[in-house]
Amino acid sequence: MTPMAEWIFEHKVSTGAILVALVLALATVAWTSWRYLPRNVVSGVLVALRLLFLALLFWILLIPGRKSSLTMLIKSRFVILIDRSSSMSQTFEEGRTATRWNTAQDVLKMKWTESVRNKCIVQVYPFHADLETPVALEEASALVPDGRSTHLNLSLNRLFDTLRGQEIAGVLVLSDGIDTREKKDSWAEASWGAPLYVVELEAPGEPDDTPDMRIESVDTPRRAIVGWDTAMSVTVAGQGGKGEPFPVLLLKDGKEQEKIAVTIPPEGGSREVQFKLSHPEVATEIYTVRIPILPGEVQTNDNEMAVAVDVLDARNRVLLLEDSPRQETRFLTRVLFANKDITPLAFFQIPNRRVPGTKEWVAYGDSQGLTFELTADQLRLNKIVILGDFESNAFTPEHIAAILDFVENGGSLILLGGAKFWGESGIVKTDLVKLLPFTRTGAPAIEGKFNVAWTAEGRAHPALANNPDMPAELPPVLSVFTGASLSGGAQALVEAATDRGAQPILVSRIYGQGKVLTVLTDSLWRWNFELGEAKPFQSFWKQIIQWMSPAESEMDQYYLELFTDAGTIAVGDPAVLQGRLVIPPSEAQRSRSWKVQCVVTTPSDREIPLDMTSRTLQTAGGGEIPGYLAEFVPSEPGNYKAVATVEVDGKKIASSPCLFAVRSTSQELVLKPINDKALKSLARFSGGRYGPPAEIDAALQELRATDRRETKLEYRSLWQSVFVLSLLIALLTIEWVVRKLNNLS
C-alpha cells in the first residue's frame, strides 16, 4: 500500500480577491486601532484577537481540504471448483482402487498449491446440486462426496456470477463431468469468464456392451385444449446395445399409439424423440412412453415413464396474437402465463422461411408445437382474444369475418393495439372498425408523462367495485393515442390527463353478445417497474382478464390441482406433492378451513393416504399463492399416481391424477465413465487446459497472474470542523468581553 496526500482549495472566488479583501481588512484594523485605541496592553490584546480572527476567517474562505490517495495492490483470485456429488466416490477404471474423490484430494496436495498461493488469493468452492459457500484450502479435506446430483453447468454459471467484476487468474475444475441436470454436452461449449484447468480424475473408459436404455425425461404441456394438437418431447438415453435400433412406444390410456425406432451409439449418449398428441375430447389422458426390455438388459425399471394431460374446454382460455414481439406483449405474456386461473396461448408472427414475403404464426412457451391459422373454429375454442400491434394487411377478409363472428357470439376481445394498429394503415382500414367503442382517425400517439385515473364508470363497474385487488391509484403512462370520441353505449374506464384535456385510454362496449375493450396507449408495460408491493401491472391485467371472462356456471365451481416438484426421482428421495384449491369468487369472502388429503398409489397398487398441510407455494411467475403440501418417500421403483381430494359442502372434489416416476437408483449413482467430452470442451472453449493430475500440476506452477492496482481516494475538509468554527466564535466572544470589561465600544 502506498499512501499519498495533497492540499486542495475549493473556493470559487479568486484567491487574489480574497487577498485584497484581507489586506483591506488589515488596513482598516490598523487605522482604527491607531486612531481610536489608547496605547496600552488591553489595546494590544484586542488588536491581536482581531488579527487572529481575520487570519482564521481567511483560512475558512479558502475552503481548505486534504486529499489522500491510497494505492493498494490487489492479487488475482484462483478458484478451485470441487465436485462433492456421490458419483465422485466411484471409479470406473478397471483394476483401480482409488476413487475420483481420492484423486481430487491428491491434486489439492500437489506442488502447484504453494506456487499459486504466492501469486493469487485461493478459494475453494464445493458444489453438487448448487454452488456452496467457499472454504479455505485446508478445510477441503474435510468435505464429503455425498451430494445427490451433479449440476456442473449450473454451478459454473453461479460461480462466475458471484465473482463478476473480480480478476480471476483461473479455475481448477475437479469433477467427473457427469451433469445429471443437462440432457446434452453442448452446454460446455460456452465462453467462460476465465481459463478452466480441468483434471482428468481417471482414464476415460468405455462402457460395456450390456444394453441399458432409459427414458430420461418427458416434456409436454400438462394442460391441453380439446381440439388442439400438442407436442411431446422425449429424451432417450443409455449405452450398450451395439448401436442397434430399438423401439420407443407411445401408449395412451394403455393402448399403443405410435412407435419410433431409435439408435444410440455403443459408447452412450442421448436422443430426442418427438410425438404429436391429439386431444379429441375433454378428459384426463394418461400417456406412457416405453422402451421394451432389450435382450440382456438388467436395469429395467427406468424403461418407461407416464404423464397425465388434462384436456380442458375453452372456458378459461385466453389467446394472445401479436405481430413482432414488443415490450407491451412480452410483459403481458409473462403475466398471462403466471396466472393459474386461465390457460393462455400466445402466438407471434415471424417471416416464413418456406414462403418468402409471407409470415407464419409461432407459438410461445408451453404452447410450442401448436398450429394456428386464425380460423373461426380455432377462435371459438377461446373465451378472450387479445390483438396486438398489426397493420390492416396482416388480416384477410376471412380473418376479419372470423373475429367479428367470435365477438358477436359471446367472445371477449381486447384490442391492445400499438402504433401500427391505431395508425392510418391499421384498424381503420378494416371492417374491425365496427367493433370500436369510439370514432377516431388514425394518428400517432403523443408522448410525455401523463397521470392516469379511474373514471366514475370504471370505479362503479360491478366487476371492479369493492375489489381489494384493484389498484386504487394507477401509475402514469408515457404515450396516449388521442382524439377518440366515444360512441353510444361506450364507457371510458380509465383516463389520462394531457394538455389536450382528459383522454380515454381504456374504453369498453358491448358488441352483439360479446365484450370489446380497447387500450389507447402502448406504455402500460412501464407499470411493471413501479416500486413497492402493489404490482400495478400484474393486478391490473388480472382484474381485466377476470372482468372480460364470460360468465359461466362452471366458473363458479371449486377446482383442485395437484402437481410435483420433479417428474423423476430415486428411491429414498422425497417426492414433494403440492396442491392448490381454486375457490369461486362468490365464495372467496367466506372464511373456511379446508381438509385436503392425498392418496398415493404405488406400482404394486398399494394405496398410501397423506394429509396435506397448508403452505405458501411459489407460482411460475415468481409470486406466492396459498396451497397445500405433503411429502412422500417412495420405497419401490416404478410409476406412482397421486390424487388429492377435498370435501366441500358434503361433496368430494378430486384432482386430476399426478404421475411421477421413481428409479431404483439415482442417475448420480449409476456407474459410468467420466464425461471427458464435456470436460475437454470446458478447457478448450475457456482457453484453459485438460489433462491428468501431473500435467495440470506442471501447468499451474507456471500460472501467470496479473496483480491489479486500485487507488482509493479520501477527501477531508480542514475548515468545516467543530474546532475551527468554535475557535472563530471564541475569538469574537473574547474580544467582546475584553471591550466590555474595559468600557470600550
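From a predicted model like this one, the values you see are computed outputs, not experimental measurements.

Quick notes on the rules
- Residues numbered from 1 in each chain as written.
- Predicted model: local features only at pLDDT ≥ 70, side-chain atom pairs only at ≥ 80, totals over all residues.
- Heavy atoms only, no water.
- Pairing = 2+ DSSP bridges.
- Helix = DSSP H or I, 4+ residues; strand = E, 2+ residues; numbered from the N terminus.
- Axes fitted to C-alpha atoms, helices over the stretch in contact; angles between N-to-C directions.
- Phe/Tyr/Trp six-rings, centres within 6.5 Å; stacked < 30°, edge-to-face > 60°.
- Buried < 20%, exposed > 50% of the residue type's maximum accessible area, 1.4 Å probe, protein only.
- Disulfide = S-S within 2.5 Å.
- Core = buried A, V, L, I, M, F, W, Y, C linked by side-chain atoms within 4.5 Å.
- Contact = heavy atoms within 4.5 Å.
- pLDDT = per-residue confidence, 0-100.

1. As for the sheet that holds strand β17 (residues 359-363)
Thinking step 1. Strand order in the open sheet formed by ten strands is β17-β16-β15-β18-β19-β26-β25-β24-β21-β22, and the pairing between neighbours is mixed. Edge strands, defined here as strands with exactly one partner in the open sheet, are β17 and β22 (474-480). Strand-to-strand twist in this sheet, taken as the mean axis angle between neighbours without regard to direction, amounts to 25°.
Thinking step 2. Inspection of the sheet shows strand β15 (residues 317-322) paired to strand β18 (residues 384-387) by four bridges, in the parallel sense. What sits directly across from Val318, in β18, is Ile384.

2. Notes on the packing of aromatic side chains
Describing an aromatic ring pair means giving the distance of the ring centres and the angle of the ring planes.
Thinking step 1. Evaluated as defined, the whole model comprises twelve aromatic pairs.
Thinking step 2. Between Phe421 and Trp422, the aromatic rings sit 5.0 Å apart at their centres with planes inclined by 90°, giving edge-to-face as the arrangement.
Thinking step 3. In this structure Trp422 comes out as buried when scored by relative accessible area, which is 3%.
Thinking step 4. Judged by centre distance (5.9 Å) and plane angle (50°), the ring pair of Trp422 and Phe438 falls under tilted. With Trp422 in the loop between β19 (412-415) and β20 (438-439) and Phe438 in strand β20, the pair connects residues that are 16 residues apart, well separated along the chain.

3. Quick look at the state of the cysteines
Thinking step 1. With the rule as written, the count across this model stands at zero disulfides.
Thinking step 2. Of all cysteine sulfurs, the one in Cys598 lies closest to Cys658, which takes part in no disulfide; the gap is 7.8 Å.

4. Considering the nonpolar core
Thinking step 1. Ranked by internal contacts, the top residues of the largest apolar core, which has 37 residues, are Ile386, Ile414, Val477, Phe537, Trp541 and Ile544.
Thinking step 2. Excluding anything up to four places from it in sequence, Ile386 contacts Val318, Leu319, Leu320, Leu321, Leu332, Leu336, Ile414, Leu416 and Ile545.
Thinking step 3. Leu319, Leu321, Leu379 and Ala402 belong to the second-largest nonpolar core, a separate cluster that totals 36 residues.

5. Let's talk about the confidence of the model for the protein chain
Thinking step 1. When pLDDT is averaged along the protein chain, the result is 82, and 90% of the positions lie at 70 or above.
Thinking step 2. pLDDT under 50 marks residues 551-556. Its contacts with residues more than four places away, or in other chains, come to ten contacts.
Thinking step 3. The low-confidence segment residues 619-623 (pLDDT under 50) makes six contacts with residues lying over four places distant or belonging to another chain.

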